[in-house]
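# Per-entry structural report
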Amino acid sequence: MKMMLAIVLALALATPAWASAESGEGPMTLTVGLTAPMTGNFFTNKWDTNMADVDLRELIHGNNTIAWEQNGRFALNQTVVHSLETQMDGGDKTYSFMLNENLAYCDGTLIAARDYVFSILLLSSPEFAALGGVPTELSYLKGYDDFVAGSPFSGVRITGEHSFNVTIDGRFLPHFYELMLLNVTPYPIGVIAPECAVADDGSGAYIDGPFTQELLRATILNEESGYLYAPAVTAGPYRLINFDEVDQIVRLAKNPYYTGNFEGVIPQVDELTVVYVSSADGLKQLEQGTLDLLCRVADGTMIEAGIEQAMMNRMDRAIYLRTGLAFISFACELEFTDSANLRKAITYLVDQYDLSTNFTLGFGMPVYGYYGMGQWMAEENPDLLEKYEKMLDHELAVSYLEADGWILNEDGDRYRMEIDTVRHRAAEDGSLERLALRWAQPEETALSKMLEDAMRPHMEAVGIELEVERMPFDMLLSLYYRQENRNYHMFNLSTDFSLVFDPFFAFHTGDEYQGLANRTGIMDEELMLRALAMRQTEAQNIEGYVEKWALFQDRFDELQPMVPLFSSVYADFYRTDLQMYYPSAYYSWATAIVYSYIGEPPAEDEVGEDEAWLALDDEGW
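In this text the structure is predicted, and so the values were computed from the model without any measurement. (Residues numbered from 1 in each chain as written. Predicted model: local features only at pLDDT ≥ 70, side-chain atom pairs only at ≥ 80, totals over all residues. Heavy atoms only, no water.)

### Let's talk about the nonpolar core
What counts is decided by this rule: We define the nonpolar core as a collection of buried residues of types Ala, Val, Leu, Ile, Met, Phe, Trp, Tyr and Cys that are connected through side-chain atoms lying within 4.5 Å of one another. Burial status follows relative accessibility: with a 1.4 Å probe on protein chains alone, a residue under 20% of its type maximum counts as buried, one over 50% as exposed, and anything between as partly exposed. The secondary structure listing takes helices from DSSP runs of H or I that are at least 4 residues long and strands from runs of E that are at least 2 residues long, numbered from the N terminus. We call two residues in contact when some of their heavy atoms are within 4.5 Å.
Ranked by internal contacts, the top residues of the largest apolar core, which has 132 residues, are Phe43, Ile220, Ile346 and Leu437. The dominant element in this core, judged by the number of residues it contributes, is helix α3 (residues 113-123), at 8 residues. Apart from residues lying up to four places away in sequence, isoleucine 220 is in contact with Phe43, Trp47, Phe128, Leu131, Ile192, Gly226, Tyr227, Leu228 and Tyr229. Ranked by size, the runner-up nonpolar core spans 37 residues in total, among them Leu30, Leu56, Phe262 and Ala585.

The structure is reproduced here in structure tokens:
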């Protein structure tokens, strides 16, 4: 196992030779299969963090001020920013941006400083928050509280047609991800807030004009033309043509006005068709030639099948470590699962190692905390994670249940493991409460059935009644995000962490963060403060950050708001003439596809992938 993971990591970190190559004549098209459904939220992650939608947003939106480089560091996007200067004033730090003047949206409209400042003002405004999405929390910027109360934003200034300033409040420095605090994506004010303008009278930026909740509801949330569902004016490498929600098909075309990513690369593939397929169907379609690229296969059986096809040169493959994990999330705000004792009991009723082995077939490993094996913190500290390991243990699970008062049977007598079926406990009014849990699962997923089969016998053996309901993915997400009142105690899902691992808001105790940000409903001040301590680390202090990360994991383990299951590798499979496709080097397929083309390989390829795969073969993989 360790050898396999080491080799996969070596592949993920290998440096490709970004040689230029001609792609041939005529428009180049590519059909991409995603193994997760799309919900169709194409504006921001303020309404969901579904990875399929995240990928598409990565393709549609762009010209960010900050970029994630191949070496794992954040840097200034010099395709967008001509220069950046800093100035300290009484502990506060002001960044002055000068933008390049050749930036444009996909309709040819020029992008200027007002677009970046509008983005900051829009996403942090009370009017935006009233729409139901999660507003951008910018308390680290000077004057944020006054802006939310109705004043100009003193920490955000327009200084010219192509220049603007942002000032970080000294109280929030140091910050481990300081540079990412400056990352801004431009959005078109003429589309989202027509008849409005960005103004600055000397005391800070503000939106001038009829900027209201009603206006934004019409321009953003309209189901036919709203910017959330049909953003027609965007700044990314591709533009959205249409989305067929029923058939789960998205069509994209290359943005003719795109000036390139942070390396100046412009996509060579002219049109993308993105479809939702199962891993099994995707492999069949790839072999038949109706699919060109299949992304994020996690099922071990399907990975093995794809590798076998790749070994026969019927397709190619890219395998890389996942930054996230599969998990069961508790609804910690509901009775029963609001107890850490009950949550801990359930963690001892699943065999993570067996589940990981059966589902990933060795292309993954159990995890016992809030991390993925592809995260640098976990990669550098494998020994640190051993103390969180849990084994299947009925006796320990029973001890936690009894500590929570679940010691009675349905007649109010002492519960007997060999005779009684469901545990009860005495309520405050003298009645008996029945230990019955409702579990919401996404329908038509192999993991859901496998997980239920693995856990139900153990849960019932210790006296927990289980009601499982499978539902469409979008319905499950709306319940999980608490966009509707949820009455389910458990949800099984998976997630990939963003490049900026900052769980502060994911475990924030404020009412305004419950749902889309804090999805578990856990309300623990200590957990939130330990997440805060992580971000309040000097940017270069790697050792200090990891120490605080470990303390955060300690508290997470004490509370168990989720049952971490396993983290794995992802496998992408694609046609053999798709060149320069390296998803691990640039975070995801959506960033990698910008470099890719269909045609002959470049003259030199220094990745060393053949040698690495021979090593995998020698190890029996």
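Additional details are given in the paragraphs that follow.
### Looking at the packing of helix α16 (residues 525-535) against helix α17 (residues 542-559)
What counts is decided by this rule: Axes here mean lines fitted to C-alpha atoms, for a helix over just the part in contact, with angles spanning 0 to 180 degrees between N-to-C directions. Convention used here: angles under 35 degrees read as roughly parallel, angles over 145 as roughly antiparallel, angles from 65 to 115 as roughly perpendicular, and any remaining angle as oblique. Note on convention: the crossing is left-handed when the near helix lies turned anticlockwise from the far helix by less than a right angle, right-handed when the turn is clockwise.
Between α16 and α17, the shortest axis-to-axis distance is 8 Å and the interhelical angle comes to 165°. Accordingly, the angle class assigned to the pair α16 and α17 is roughly antiparallel. The hand of the α16/α17 crossing is left-handed. When α16 is examined against α17, the residues Glu526, Leu527, Arg530, Ala531, Ala533 and Met534 are found in contact with a partner set consisting of Tyr545, Lys548, Trp549, Leu551, Phe552, Asp554, Arg555, Phe556 and Leu559.

### Overview of a negative patch on the surface
Condition: By definition, no residue in a patch forms a salt bridge, and every one has over 30% relative accessible area; like charges are joined within 9 Å, nonpolar side chains (Val, Leu, Ile, Met, Phe, Trp, Tyr) within 5 Å. Only the protein chains shown count as cover for residues, with accessible areas throughout obtained via the Shrake-Rupley method and a probe of 1.4 Å. Whenever a carboxyl oxygen of Asp or Glu lies within 4 Å of a side-chain nitrogen of Lys or Arg, that contact is scored as a salt bridge. Only four residue types enter the tally: Lys and Arg on the positive side, Asp and Glu on the negative side, with His and both chain ends excluded. Lysine's charge is taken at NZ, arginine's at CZ, aspartate's at CG and glutamate's at CD.
Together, Glu223, Glu224, Glu245, Glu443, Glu444 and Asp474 make up a region of like negative charge exposed at the surface. With respect to the helices and strands, the residue glutamate 443 is situated in the loop between β19 (436-442) and α14 (446-461).

### Description of unusual backbone geometry
Residue proline 174 is bonded to the preceding leucine 173 through a cis peptide linkage, with omega at 5°. Mapped onto the secondary structure, proline 174 falls in the loop between β7 (163-168) and α6 (189-192). The phi angle at asparagine 313 is positive, at roughly 60°, despite the residue not being glycine. With respect to the secondary-structure elements, asparagine 313 resides in the loop between α9 (300-311) and β14 (316-321).

### Side note on the sheet that holds strand β4 (residues 81-89)
Formally: Whether two strands pair depends on DSSP finding at least two bridges between them.
Read from one edge of the open sheet, 4 strands run β4-β5-β7-β6, paired in antiparallel fashion. Strands at the two margins of the open sheet, each flanked by one partner only, are β4 and β6 (156-160). Neighbouring strand axes in the sheet, compared pairwise and without regard to direction, differ in orientation by 20° on average. The pairing of β4 with strand β5 (residues 92-99) spans 8 bridges and is antiparallel. Note on β5: the bridge partner recorded for serine 83 is methionine 98. The sheet contacts of α3 involve β5, β6 and β7, and relative to β6 the element is tilted by about 175°.

### Observations regarding the confidence of the model for the chain
Defined as follows: Confidence of the predictor in every single residue is expressed as pLDDT, which spans 0 to 100.
Counting all residues, the mean pLDDT for the chain is 90, and 92% of those residues have values of 70 or more. For residues 605-621, every residue scores under 50 in pLDDT, and the model assigns this stretch 29 contacts once sequence neighbours within four places are set aside.

### Points about α16
We apply this condition: It is the directions from the helix axis to the C-beta atoms that the arc portrays. In protein, a polar contact means a hydrogen-donor-capable atom and an acceptor-capable atom, both N or O and within 3.5 Å, with residues adjacent in sequence counting only if both atoms are side-chain atoms; elsewhere, any N or O pair within 3.5 Å suffices.
Along α16, the residues that are buried comprise Leu527, Met528, Ala531, Leu532, Met534 and Arg535. Within α16, the buried residues cover an arc of 155° as seen down the axis, which keeps them to one side. Tucked into the core, α16 has its buried residues touching α17. The distance from a side-chain oxygen at the start of α16 to the backbone nitrogen of glutamate 526 is 3.3 Å, and the residue carrying that oxygen is aspartate 524.

### What about the pattern of salt bridges?
Counted by the stated rule, this structure contains 31 salt bridges. Note that lysine 142 and aspartate 92 form a salt bridge whose closest N and O atoms lie 3.0 Å from each other. Of this pair, lysine 142 sits in the loop between α4 (126-129) and α5 (144-148) while aspartate 92 sits in strand β5, placing them 50 residues apart in sequence. The class for lysine 142 is partly exposed, based on a relative accessible area of 33%. The class of aspartate 92 is buried, set by a relative accessible area of 13%. Across the pair arginine 555 and aspartate 524 runs a salt bridge, and its minimum N-O distance is 2.8 Å. In this pair, arginine 555 is assigned in helix α17 and aspartate 524 in the loop between β21 (490-495) and α16, connecting sequence segments 31 residues apart.

### Here we look at the pairing of β6
Relative to β7, β6 runs antiparallel, the two being bridged by 4 bridges. Residue pairing in the sheet places isoleucine 158 in a bridge with phenylalanine 164 of β7. Hairpin connection from β6 to β7: 2 residues lie between these consecutive antiparallel strands.

### Focus: helix α10 (residues 340-347)
Burial of α10 is extensive: 6 of the 8 residues sit out of reach of the surface. All of the buried residues in α10 are Leu342, Arg343, Lys344, Ala345, Ile346 and Thr347. Residue serine 339 occupies the N-cap position of α10, its side-chain oxygen lying 3.2 Å from the main-chain nitrogen of asparagine 341.

### Details of the packing of aromatic side chains
What counts is decided by this rule: In summary, the pairing rule links any two rings of Phe, Tyr or Trp, Trp by its six-membered ring, whose centres are within 6.5 Å, and it sorts them by plane angle into stacked for under 30 degrees, edge-to-face for over 60 and tilted for everything else. For a Lys NZ or an Arg CZ to count as sitting over a ring, it must be within 6 Å of the ring centre and within 35 degrees of the ring normal.
A complete count under the given rule lists 34 aromatic pairs for this structure. Plain terms: the ring middles of phenylalanine 505 and tyrosine 513 are 5.0 Å apart, the flat faces sit at 35° to each other, and that makes the pair tilted. In this structure phenylalanine 505 comes out as buried when scored by relative accessible area, which is 18%. Of the aromatic side chains, those joined through ring pairs into one cluster are Tyr370, Phe497, Phe501, Phe507, Phe552 and Phe556. The aromatic ring of tyrosine 488 is capped on one face by arginine 438, whose charged end is 4.2 Å from the ring centroid.

### Overview of the side chain of arginine 486
With respect to the helices, strands and loops of the structure, arginine 486 is situated in the loop between α15 (473-480) and β21. Residue class for arginine 486 comes out buried when judged on its relative accessible area of 7%. At 2.7 Å, the side chain of arginine 486 and the side chain of glutamate 333 are in polar contact. A polar contact is formed between the side chain of arginine 486 and the backbone oxygen of arginine 519, at a distance of 2.9 Å.

### Some thoughts on the pairing of β21
Taken across its 6 residues, β21 has 5 buried, putting it largely inside the fold. For strand β15 (residues 325-330) and β21, the ladder comprises 6 bridges, and the chain directions are antiparallel. Counted as the bridge partner of phenylalanine 327 is leucine 493 from β21.

### Remarks on the environment of proline 583
Looking at the secondary structure, you find proline 583 in the loop between β23 (578-579) and α18 (589-592). When the C-alpha atoms of proline 583 and tyrosine 570 are compared, they prove to be 9.9 Å apart, with 13 residues separating the residues in sequence. In this view, proline 583 contacts Ala318, Tyr320, Asp572, Ser588, Trp589 and Ala592; residues no more than four positions away in its chain are not counted.

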